[in-house]
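Observations on the model geometry
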Amino acid sequence: MGSLGNSSASSQASLGNVRQRTAHETVVEALRHAILSGELPGGTRLVQSELAGRLGLSITPVREAIRQLATEGLIQLDSYRGAVVLTPAEEEMREVYDLLLTLTPMAARRAAERITEVELEQARSLAREMARTEDVAGWVLLHRSFHLVLYGAARSPRLLSIVTSLSDAAAPQIALSLREDASSRPWIDAGHAHLVDSFASRDPERAVEAMLDHLQYHRRSALGGSTEGC
């Protein structure tokens, strides 16, 4: 089972303290956090029966959760090995960010024109929470919610679905980069505050510029380039 079978007591707690939520959401949340935190590193084979026993649940919600996380790009379903935690490949990351950089201007322009004060405050709150947290997996999940608020303001469900899928595919690499070098966190957190300000200005071009700068930062980090000065 890879690292899951040899995890620490704190890791066991993160996967075991799940009984107060619905079964499917419980497994999705626990596995997503374990993958993004590095508790389940890339290449780890996920055995449904072992996961079910670890979580104290039946195999059915585990199977459903694995399928959902496969659609998010966190798990690969292999006909020979079964479910395996996906290792981000450079070529895939390059394609993901190329697509995000192509679609983001459309989403950002629409969002800047339509975002509400409630959504701006949600984004500000998430940005503050990200700046406070020291948990990498928790930070990445907050980051996902932050961008959902901004992209969602475009009022384009199909565009939101596509961009969210691409962002989810990039999440493991973002988590890996932060686990390897947390020194970039102050730059990124400051960037989130700048993003909110740019959308609050209701200036579509300013919002586009800020969002593209933010994505380029993550792209350079994912592909091994320098992020200094971003």
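Computed from a predicted structure; not experimentally measured.

1. Comments concerning the pattern of salt bridges
When charged atoms on two side chains of opposite charge get close, those side chains can pair. Throughout the structure, instances matching the rule amount to 10 salt bridges. The partner of Glu90 in a salt bridge is Arg94, with the nearest N and O atoms 2.7 Å apart. Here the residue Glu90 and the residue Arg94 both occupy positions in helix 5 (residues 90-114), the gap between them amounting to 4 residues, near one helical turn. For Asp168, the salt bridge identified is with Arg144, shortest N-O distance 2.6 Å.

2. Considerations on the confidence of the model for the chain
Mean pLDDT over the chain stands at 88; residues scoring 70 or higher make up 88%. Contacts for the low-pLDDT stretch residues 1-14, under 50 throughout, to residues beyond four places or in other chains number 24 contacts. With pLDDT under 50 throughout, residues 226-230 is counted as low confidence; its partners more than four residues away or in other chains account for 7 contacts.

3. Comments concerning the environment of Leu101
Mapped onto the secondary structure, Leu101 falls in helix 5. Separated by 62 residues in sequence, Leu101 and Val163 place their C-alpha atoms 10.0 Å apart. Apart from residues no more than four positions distant in its own chain, Leu101 is found in contact with Leu212, Leu215, Gln216 and Arg219.

4. Here we look at the packing of helix 3 (residues 48-55) against helix 4 (residues 59-71)
For any two helices packed against each other, one specifies the crossing angle of their axes together with the interaxial distance. Closest axis-to-axis distance for the helix 3/helix 4 pair is 9 Å, and the angle between their directions is 115°. Of the two possible hands of crossing, helix 3 and helix 4 adopt the one that is right-handed. Listed contacts from helix 4 to Gln48, Ser49, Leu51 and Ala52 of helix 3 are Ile59, Val62, Arg63 and Ile66. Of the residues in the contact of helix 3 with helix 4, the class split is 5 nonpolar, 2 polar and 1 charged.

Parameters at a glance
- Residues numbered from 1 in each chain as written.
- Predicted model: local features only at pLDDT ≥ 70, side-chain atom pairs only at ≥ 80, totals over all residues.
- Heavy atoms only, no water.
- Salt bridge = Lys/Arg side-chain N within 4 Å of Asp/Glu carboxyl O.
- Helix = DSSP H or I, 4+ residues; strand = E, 2+ residues; numbered from the N terminus.
- pLDDT = per-residue confidence, 0-100.
- Contact = heavy atoms within 4.5 Å.
- Axes fitted to C-alpha atoms, helices over the stretch in contact; angles between N-to-C directions.
- Left-handed = near helix turned anticlockwise from the far one by under 90°.
- Nonpolar A, V, L, I, M, F, W, Y, C, P; charged D, E, K, R; others polar.

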